[in-house]
Amino acid sequence: MKQNICILGATGSIGTSTLDVIRQHEERFSVFAVAAHSNVERMVQICHQFQPARVVMGTESACEQVKNQCLGMDIEFTYGIEAMSNIAADPQVDQVMAAIMGFAGLAPTLAAIRTGKRILLANKESLVTAGSLFMQEVEKHGAVLLPIDSEHNAIYQCLPQFTEGARGEMLHHVEKVLLTASGGPFRELSKREMSHVTPEQACKHPNWSMGRKISVDSASLMNKGLELIEACWLFDVEPKDIEVVIHPQSIVHSMVSYKDGSVLAQMGNPDMRTPIAYGMAWPERITADVAPLDLMAIAQLDFFAPDYERFPNLSLAADAWYAGGSAMASLNAANEIAVDAFLKGQIGFLDIAEINSQVLEQSEIYSVTGLDVVFEADKIARKAANDLVKHKVYL
Ligand code: NAD
Ligand code: MG
């Protein structure tokens, strides 16, 4: 039986890699529904190449433009976030690739979870901001949650009993989760040097080709901070159980250290088609057109401790986790605003962590009793971050 796939964020970097894996296995997977914000040109290409049954765009105008370039095709076109939730929850869909960028992905990802499907989770911000609710819903609806973020996919693969459903039990034998980080393009820069970097430099990741927001997050190590929180929710651990390890080659995608001294690592070339293919075919394995790992050519793997002073976002993420409740949604919202402002040239690179820190500090923390609390915390933190961007008042 062919698996029907819904791709949320189909025009992005993860969306493109997902379509590539599907193209390689057309007998096994079919593109049933796709959603994206505003990239009309790419969406038209996707429609012509994959002929999905449903297409959702972020706005009415983007939707009309795509529709006009796909005349005569048997596709249902709609727009808006509710329509994205509807395609994610469609009973004809077997698997949902959650690859919208940022907090905007939360509602459609939850809609998919509530129908008990297989969720391929790339959109880490949705888990970071609504963690406890998100995991409760996964449990309640029996959804199969497979992490696509390369580090979490690696950890998942290194916790074999965990993957068979023995949550918790396996973790008794774990000494530490070793979360690797490339260190980003500014790994060796001083704070003074980082104060002058441009968005273009920040988006030039040494090993991975990714969307602009996650590229800036990788440069500021906020990505690792978000991933720290993501790992806590996924694997039922806390920041003290996780050690961030800088590994510039991005060959070891993360590790699990066991109490008997064994350390299991998952390795591979830095290519997101590996975790995507793993998630789509799990528990089987399929080809992904990823170049085999040539260890002789790589020759050397390095590991360093992170520098929390130059990259304060890493500690902020741990602080937000321990603060609990809505603190993680506040931190994420501040970061989304700050990164966007940096990409628009409104603030400097170091201002991102500064804004994150101030917003986290001034945010009231509420216990996450429902989704409304998460949306409210997000809204308040966005406003606070926007005010800081506007006035650039740092105390
Ligand atoms: P991207 O910027 O390349 O693509 C983002 C996609 O989301 C696009 O299709 C865009 O149209 C859509 N989108 C953006 N805002 C939207 C909105 N408001 N409503 C609906 N759709 C919207 O980003 P990406 O690199 O593909 O990353 C997507 C997600 O996957 C992020 O959460 C990122 O952290 C995560 N992720 C990416 C990588 C990677 O290698 N690219 C690795 C791990 C995790
Ligand atoms: Mg990652």
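Scroll up to find the structure this text is about.
Residue positions are given per chain, counting from 1 as you read along its sequence in written order. Chain A is the first chain written and ligand 1 is the first ligand written, with later ones labelled in order. Local features in this predicted model are restricted to residues whose pLDDT is 70 or higher, and side-chain atom pairs enter the listing and the counts only when it is 80 or higher, whereas totals over whole chains, interfaces and linings include all residues. Derived side-chain values reflect all non-hydrogen atoms in the structure, with water molecules and hydrogen atoms excluded from consideration.

A. Geometry of the coordination of the magnesium ion (ligand 2). Within the protein, the atoms that donate to the magnesium ion (ligand 2) are Asp-149 (OD), Glu-151 (OE) and Glu-227 (OE), at distances of 2.1 to 2.2 Å. The rule for donors is simple: an N, O or S atom within 2.8 Å of the metal counts, and for Na, K and Ca the reach is 3.2 Å. Water is not among the atoms, so a site may look short of donors. Counting the intervening residues between successive donors of the magnesium ion (ligand 2) yields the motif D-x1-E-x75-E.

B. Representation of the site of ligand 1 in the model. In the vicinity of ligand 1, 22 residues are found, and the nearest of them are Thr-11, Ser-13, His-37, Glu-125 and Gly-211. A distance of 3.1 Å separates an oxygen atom of ligand 1 from a polar atom in the backbone of Gly-12. In these tables, accessible area is a Shrake-Rupley quantity obtained with a 1.4 Å probe, and a residue counts as shielded only by the protein chains included in the view. Here ligand 1 has 820 Å² of accessible area as a free molecule, and 87% of this is covered by the chains. All residues other than Ala, Val, Leu, Ile, Met, Phe, Trp, Tyr, Cys, Pro, Asp, Glu, Lys and Arg, Gly among them, are scored as polar; the first ten of these are nonpolar and the last four charged. Classifying every residue of the shell around ligand 1 gives 12 nonpolar, 7 polar and 3 charged. Note that domain bounds follow an automatic or database assignment of domains. A domain-level breakdown of the shell around ligand 1 finds at least three residues from each of domain 1 (3-147) and domain 2 (149-315). Throughout, the term near means that a residue has one or more heavy atoms lying within 4 Å of the molecule or strand in question. Any N or O atom pair separated by 3.5 Å or less is treated as a polar contact, with the protein-specific requirement of one donor-capable and one acceptor-capable atom, and with residues adjacent in sequence counted only for side-chain atom pairs.

C. Layout of the sheet that holds strand E11 (residues 263-267). Taken in spatial order, the 4 strands line up as E9-E8-E10-E11 in an open sheet, and their pairing is mixed. Both edges of this open sheet fall to strand E9 (242-246) and E11, since each of them pairs with a single strand only. Within this sheet the neighbouring strands show an average axis-to-axis angle of 20 degrees, counted without direction. Pairing between strands is defined by DSSP: at least two bridges between them are needed. Strands are runs of DSSP state E lasting at least two residues, helices are runs of H or I lasting at least four, and both sets are numbered from the N terminus onward. Bridging between strand E8 (residues 174-181) and E9 involves 5 bridges; their strand directions are parallel. Along E9, the bridge assignment pairs Leu-179 with Val-244. In this fold helix H7 (residues 150-158) packs onto E8, strand E10 (252-258) and E11, with an angle of close to 40 degrees to the strand it touches most, E10. Here the axes come from fitting lines to C-alpha atoms, over the contacting stretch only for helices, and the angles between their N-to-C directions go from 0 to 180 degrees. We call two residues contacting when some pair of their heavy atoms lies within 4.5 Å.

D. A look at unusual backbone geometry. Omega for the bond connecting Trp-282 with Pro-283 falls within 30 degrees of zero, at 10 degrees, which places this linkage in the cis form. Secondary-structure assignment places Pro-283 in the loop between helix H13 (273-281) and helix H14 (295-298).

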